[in-house]
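# Summary of structural features
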Amino acid sequence: MAEGEKLIPINIEEEMKSSYIDYSMSVIVSRALPDVRDGLKPVHRRVLFGMYELGVFSNRAHKKSARIVGEVLGKYHPHGDSSVYDAMVRMAQEWSLRYLLVDGQGNFGSIDGDSPAAMRYTEARMQKISEEIMADIDKETVDFQLNFDDTLQEPKVMPTKVPALLINGASGIAVGMATNMAPHNLTEVIDGTLAYIDNNEIEIDELMSHVKAPDFPTGGIIYGYEGVREAFKTGRGRIVMRAKVNFEEVDGRDCIIVTEIPYQVNKAEMIKKTADLVNEKKIEGISNIRDESDRNGMRIVYILKREAVPNVVLNTLYKYTQLQSSFSVNNIALVNGRPQLLNLKELIHYFVEHRHDVVTRRAQYELRKAEERAHILEGLIIASDNIDEVIQLIRSSSNTDQAKEKLIERFKLSEIQAKAIVEMRLRQLTGLEQDKLRAEYEEIMKLINHLKELLASKELRMNLIKEELTEIKDKYGDNRRSQIEYAGGDVSIEDLIADENVVITISHAGYIKRTNLSEYKTQNRGGVGQKGVATRDQDFLEHLFVATNHQYMMFFTQKGKCFWMRVYEIPEGSKTSKGRAIQNLINIEPDDKVKAFICTQDLKNQEYVNSHYVIMATKQGQVKKTLLEQYSRPRVNGIAAITIKEDDELLEAKLTTGESQILIAVKSGKLVRFEESKTRPMGRSASGVRGITLRDEKDEVIGMVSVNDMESEILVVSENGYGKRSSLEDYRITNRGGKGVKTLNITDKTGDLISINSVTDADDLMIINKSGLTIRMEVSDLRVMGRATQGVRLINIKGNDSIAAVTKVIREDNVIEETPDGEEVLHVDSISNPEISEDIVEGNTEEIDDNTEE
């Protein structure tokens, strides 16, 4: 050990503790957290002060960034040059700061995460608003402290006129704490501050009518208000942000166009991650992603596949990508050098308090300077009133000091006044200059009185603060960039999809699509119909249903399996499009077919699923009733709905309340009607009980109807286009399993029975034949006929064509024209070669009575 040295033993635990506390306090106070008064961290404050000292104001030329960084490093900030340059760069990035503090020239990076150019290549100067942050810094408005080597003075805080912490926010990680403050709109913040000055007891709810929500530099949408309210009231909250999106059609394809993204999201990284998710099949429905952003703004284009539903894809993007992200507010700032969690009112309070302190200190400084000047002016006025004597006194003095002493003695002046007189210039002896002295003195005395009044009245000081804030608002205020969607939150996909009526069509080969109901027009009976869908060769439409977008659609296959999906998940197509293979939507076996479907409400609603039943019928006449609750837990590969026996297949499935009456019809023209209660509920795996007895081996069930309304009428249609409606009362109630009664007189002319429906005058009929032609007509156009009649021709069948499916549609807007006589007729709209049925033209509504009954 060297001479004069000595060892001091210390406890390592105590040393570690005290050293770590010192370090953490240094990081908290001198690095990571902003001051509540000016909203700046030390590095930002030093960058601005360094620029102020260098004179790179907003109206001067830009200076090299390296010059500015060197100034800050050498004088005030004893850290790495990259820390200073990075801080300065961020102050110049329009996607980082809501109100820029630095005007950068050159490459300052991009929203894609590109690095800025090196500091030797870029230039910078202050923005105009930064000058407002440092306004009056030379008027002793703030305390200064020594820099790191005690050679220079730097400000402890800026005398800002701008509520910088609220308008630009801040983020920083200290030791044991962090801050993350959102930016806000300057106009709103100043309106809120003015409201607080007018009423210090103002509630946060009232402040929120002025400061509505954060306002992010990248715009976007604030989705849901709960997090905003929480953040304003407590200082902590989670704000959900969404990209600003619209839908466009580009080159015949639906596209999702993103024009604004959430704050602090890297655009290039977001696009790359989205592309990865698409390649991994986690996001379906996107065929390509293009970034078409340019100097005019952002434009990210997600090109969708033809069968994709834009709203569904968008919601998937919100769920899995940064098109939706959140901002966790944590308003921690330094208050009197100590970190504190602050709510909106406290943030405004501390800014106003600081502003009041600055205004007071500025007034005191200006008063002192004004009084000093007034004191000198008083001396100069005395001298100008006695100019000849003053000149004589000065001329007779041997040196300056003697002249001062003589003046002090003769005119009772102070040392300062005497010095000012001795240093007077000869031009100040002119009459004009003397008048100027008196005018200046009067102005100074008015200023002194004003400043004394200001210092004596807090109300006047507060009014001055309000005036200055209003001036700042007029100069720099702008409109919000971030929209607020108050009703947002954890909403489901269907909230973004209109609950419209749609037509769902399934072809014989298993192609499905949904089409807006408005695409189908009403025609009168006997029309040839209009082209409904483009089908593949030898394919024809077999099922046509009407549903709404928000309903659940349950598919029942001929092998007795059940699948379900939401109606909006079915690909949308025009009336003439082919649709999409159902195998691509549900995991149906290649040799299976969808035979029935049910639209239900919410399958998660226990009350609903336990009060409804599914009634099924097979081709061989079996019926089965099962509680809907048994089908409310779907599996990807479907669930068993009914056990189907050999040579049989599931034909129909209906949703009932347990109190319906069931009608089952066979192609030979017979129908059985029985109470639903005659069928007890069974499990999913049961095969059911006998519903109707078939006439022979060639006979089969063609349809089942469940009826609640006893006023309903039964409409039956044969494959050659004949149909009629009869009263429900015509069919007597029998026991389940009987042969039934005649429902339509079957002849070679009519063909076999093909469809049965329960209808009212309020319904429309949609008829589709195997060639793909459709016709829509009003049920009220058909009069009620006897049970065993042959009916009238509903649609003209050409050649070997026949009807494939018939369904009823709730009537919306009929296409009605008025004839010159004032008579209303239904409009016939057919594709080509309109051939109206001869029966209709000649007025022959052929009806054959045959009331025989078995």
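Residue numbers run consecutively from 1 along every chain, following the written order of its sequence. For a predicted model such as this one, the threshold for reporting local features is a pLDDT of at least 70, and the threshold for listing and counting side-chain atom pairs is 80 or more; totals across whole chains, interfaces and linings nevertheless cover every residue. To get the side-chain values, all heavy atoms of the structure are used, and hydrogens and water are removed first.

Selection criterion: UniProt positions are given in the numbering used here, feature names are shortened, and annotations may be inferred rather than shown by experiment.
The protein carries the name DNA gyrase subunit A in an unreviewed UniProt entry, which gives Flavobacterium ichthyis as its organism. Of the comments in the UniProt record for the protein, the one headed Subcellular location (unreviewed entry) reads "Cytoplasm". The record held by UniProt for the protein lists under Sequence similarities (unreviewed entry) the comment "Belongs to the type II topoisomerase GyrA/ParC subunit family."

### Focus: the overall build of the protein
Which entries qualify depends on this criterion: Strands are runs of DSSP state E lasting at least 2 residues, helices are runs of H or I lasting at least 4, and numbering of each runs from the N terminus. Under the scheme applied here, a residue whose accessible area is under 20% of the maximum for its type counts as buried, over 50% as exposed, and between as partly exposed, the area being computed with a 1.4 Å probe on protein chains only. Shrake-Rupley sampling with a 1.4 Å probe provides the accessible areas, and residues are treated as covered by the protein chains on show and by no other component.
On a plain count of helices and strands, the protein comes out with 19 helices and 43 strands. Here the protein holds 854 residues, and 52% of them are scored as buried. As displayed, the protein offers around 40,300 Å² of accessible surface, 45% of which is attributable to carbon and sulfur atoms.

### Describing the UniProt feature "active site" (unreviewed entry) in the protein
Mapped onto the present numbering, the UniProt feature "active site" (unreviewed entry) falls on Tyr121. Mapping Tyr121 onto the fold places it in the loop between strand 2 (102-105) and strand 3 (123-126). For Tyr121, a relative accessible area of 55% gives the class exposed.

### Considering the packing of aromatic side chains
Rules: Each Phe, Tyr or Trp ring, with Trp reduced to its six-membered ring, pairs with another whose centre is within 6.5 Å; inter-plane angles below 30 degrees give stacked pairs, above 60 give edge-to-face pairs, and intermediate values give tilted ones. For a lysine, the NZ atom is tested; for an arginine, the CZ atom; a charge sits over a ring if that atom is within 6 Å of the ring centre and within 35 degrees of the ring normal.
For the structure on display, the rule yields nine aromatic pairs. Between Phe49 and Tyr52 the ring centres are 6.0 Å apart and the planes differ by 20°, which places this aromatic pair in the stacked class. In this pair, Phe49 and Tyr52 are both assigned in helix 2 (residues 42-54), three residues apart and thus about one turn of the helix distant. Looking at Phe49, the relative accessible area reads 5%, which means it is buried. Aromatic pair Phe216 and Phe327: ring centres 5.6 Å apart, planes at 55°, arrangement tilted. Taken together, the residues Phe216 in the loop between helix 8 (204-207) and strand 8 (221-223) and Phe327 in strand 14 (residues 324-330) connect sequence positions 111 residues apart. Here Phe216 and Phe327 have matching classes, each one buried. Each member of the aromatic cluster is reached from another via a ring pair, and the members are Phe49, Tyr52, Phe57, Tyr76 and Phe144. The ring of Tyr223 carries Arg242 above its face, with NZ or CZ at 3.7 Å from the centroid. Here Lys625 stacks its cationic end above the ring of Tyr613, 4.8 Å away from the centre of that ring.

### What to know about the pattern of salt bridges
We apply this condition: Here, a salt bridge means any side-chain nitrogen of Lys or Arg that lies within 4 Å of a carboxyl oxygen of Asp or Glu.
Throughout the structure, instances matching the rule amount to 47 salt bridges. In this structure, the salt-bridge partner of Asp136 is Lys139, at a minimum N-O distance of 3.8 Å. Between Asp276 and Lys272 there is a salt bridge whose closest N-O contact spans 3.4 Å. In this pair, Asp276 and Lys272 both sit in helix 10 (residues 267-279), four residues apart, roughly one turn of the helix. Assessed through its relative accessible area of 53%, Lys272 is described here as exposed.

### Here's the deal with the packing of helix 16 (residues 431-456) against helix 17 (residues 458-476)
Note the following rule: Axis definition: a line fitted to C-alpha atoms, limited for helices to the stretch in contact. Angles are taken between N-to-C directions and run from 0 to 180 degrees. To sort the angles, those under 35 degrees are grouped as roughly parallel, those over 145 as roughly antiparallel, those from 65 to 115 as roughly perpendicular, and the leftovers as oblique. The contact definition used throughout considers only heavy atoms, calling two residues in contact when any of these lie within 4.5 Å. Each residue is assigned to one class: nonpolar for Ala, Val, Leu, Ile, Met, Phe, Trp, Tyr, Cys and Pro, charged for Asp, Glu, Lys and Arg, and polar for all the others, Gly among them.
Between helix 16 and helix 17, the shortest axis-to-axis distance is 5 Å and the interhelical angle comes to 105°. With respect to their mutual orientation, helix 16 and helix 17 come out roughly perpendicular. Contacts from Glu453, Leu454, Leu455 and Ala456 of helix 16 reach helix 17 at Lys458, Leu460, Arg461 and Leu464. When grouped by side-chain class, the residues that make up the contact of helix 16 with helix 17 number five nonpolar, no polar and three charged.

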